[in-house]
Amino acid sequence: MSGTKVLISYLKNDAELMSLLNEQPNIFQLEKPVQVGDIDPFILILEKIVNSNSGLIHDVQFEIRIISENAAKTLAIQERLIELLDQVHQEYLVNDEDVIRNISLVNGGGTIKNPTTSKWETICFFIARI
């Protein structure tokens, strides 16, 4: 099960988000691939099952990290992600394997400057039913 693949596919189809990402589909699962090189900005999505009800439907927490040298850029991307994902009930997000039935923003997250990379990281959390 990978709701992350459904989520990435959905996000890559949004023209406004792609514009904020400099027209590059820089959305990755778990970590940025080494062969991609130094890109700015980009999004990392981490997925964690927080509740498994019947074995078929799960509650999943998505941790979304927006990384850039520009703090304002990370906040603009976060705002667009919230517009796209918070309270998605009117349509299911679907691929060949998984369905995200609903998704909404949860408390937590924030913006920090990573002292190792000297890049800004804005983090937000969503909970989804898959």
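Residues numbered from 1 in each chain as written. Predicted model: local features only at pLDDT ≥ 70, side-chain atom pairs only at ≥ 80, totals over all residues. Heavy atoms only, no water.

J.: Is there a simple way to explain unusual backbone geometry in this structure?
T.: Both trends apply: most residues other than glycine have a negative phi, and most peptide bonds are in trans. In this chain, D40 is followed by P41 through a cis amide linkage whose omega measures -5 degrees. Here P41 shows up in the loop between strand 1 (27-29) and strand 2 (42-52). Phi at N22 is positive, roughly 60 degrees, even though this residue is not glycine. For S118, which is not a glycine, the phi torsion comes out positive at approximately 60 degrees. (Helix = DSSP H or I, 4+ residues; strand = E, 2+ residues; numbered from the N terminus.)

J.: How should the pairing of strand 6 (residues 102-113) be read in this particular structure?
T.: Here is the key point about a regular strand: its side chains alternate between the two faces of the sheet. In the sheet, strand 6 pairs with strand 7 (residues 120-129) via nine bridges, with the strands oriented antiparallel. By the bridge assignment, V106 is partnered in strand 7 with F125. (Pairing = 2+ DSSP bridges.)

J.: How do you make sense of helix 3 (residues 71-85) when you look at a structure like this?
T.: One turn of an α-helix holds 3.6 residues; hence residues three or four places apart share an orientation. Taking 1.5 Å per residue as the helical rise, helix 3 with its 15 residues ought to reach 21 Å, and the 21 Å between its terminal C-alpha atoms agrees with that figure. Tucked inside the fold, the buried residues of helix 3 contact helix 1 (3-12), helix 2 (15-20), strand 2, strand 3 (58-68), strand 6 and strand 7. Near the N-terminus of helix 3, the side chain that reaches the backbone nitrogen of A72, with its oxygen 2.8 Å away, is that of N70. (Expected span 1.5 Å × (residues − 1). Contact = heavy atoms within 4.5 Å. Polar contact = N/O pair within 3.5 Å; in protein donor to acceptor, adjacent residues only side chain to side chain.)

J.: Which parts of the structure should I look at to understand the environment of K12?
T.: Among the secondary structure elements, K12 is positioned in helix 1. Sequence separation of K12 and N26 is 14 residues, and the distance between their C-alpha atoms is 8.6 Å. Sequence-distant contacts of K12, that is, excluding residues within four places in its chain, are made with M18, P25 and I27.

J.: Can you walk me through the packing of helix 1 against helix 3 in this structure?
T.: Packed helices, taken two at a time, are described by their axes: the angle between them and the distance between them. In contact at an axis separation of 12 Å, helix 1 and helix 3 are set at 110 degrees when each is read in the N-to-C sense. One finds that helix 1 runs roughly perpendicular with respect to helix 3. For the pair formed by helix 1 and helix 3, the contact residues are L7, Y10 and L11 on the first element and L81, L84 and L85 on the second. For the contact of helix 1 with helix 3, the class distribution of residues is six nonpolar, no polar and no charged. (Axes fitted to C-alpha atoms, helices over the stretch in contact; angles between N-to-C directions. Parallel < 35°, antiparallel > 145°, perpendicular 65-115°, else oblique. Nonpolar A, V, L, I, M, F, W, Y, C, P; charged D, E, K, R; others polar.)

J.: Mind showing me how you'd approach the nonpolar core here?
T.: Grouped burial of nonpolar side chains is what soluble globular proteins tend to show. With 25 residues, the main nonpolar core has L17, I43, F62 and I64 as its most contacted residues. Where this core is concerned, the elements lending two or more residues are helix 1, helix 2, strand 2, strand 3, helix 3 and strand 7. When sequence neighbours within four positions are dropped, the list of residues in contact with I64 reads L7, I43, L44, I45, L81, L85, T122, I123, C124 and F126. By size, the runner-up hydrophobic cluster in this structure holds five residues, among which are F28, I39, L44 and I67. (Core = buried A, V, L, I, M, F, W, Y, C linked by side-chain atoms within 4.5 Å. Buried < 20%, exposed > 50% of the residue type's maximum accessible area, 1.4 Å probe, protein only.)

J.: Is there a simple way to explain the pairing of strand 2 in this structure?
T.: Summarising the sheet, strand 1 and strand 2 pair through three bridges and their orientation is parallel. Paired with I27 across the two strands is I43, which belongs to strand 2. With ten bridges joining them, strand 2 and strand 3 adopt antiparallel strand pairing. By the bridge assignment, I49 is partnered in strand 3 with V60.

J.: Can you help me understand the pattern of salt bridges in this one?
T.: A pair can form between side chains of opposite charge whenever their charged atoms are brought close. Using the criterion set out here, one finds eight salt bridges in the structure. In this structure, R80 engages D14 in a salt bridge whose closest nitrogen and oxygen atoms are separated by 2.6 Å. Of this pair, R80 sits in helix 3 while D14 sits in the loop between helix 1 and helix 2, and the two are 66 residues apart along the sequence. Since its relative accessible area comes to 13%, R80 is described here as buried. (Salt bridge = Lys/Arg side-chain N within 4 Å of Asp/Glu carboxyl O.)

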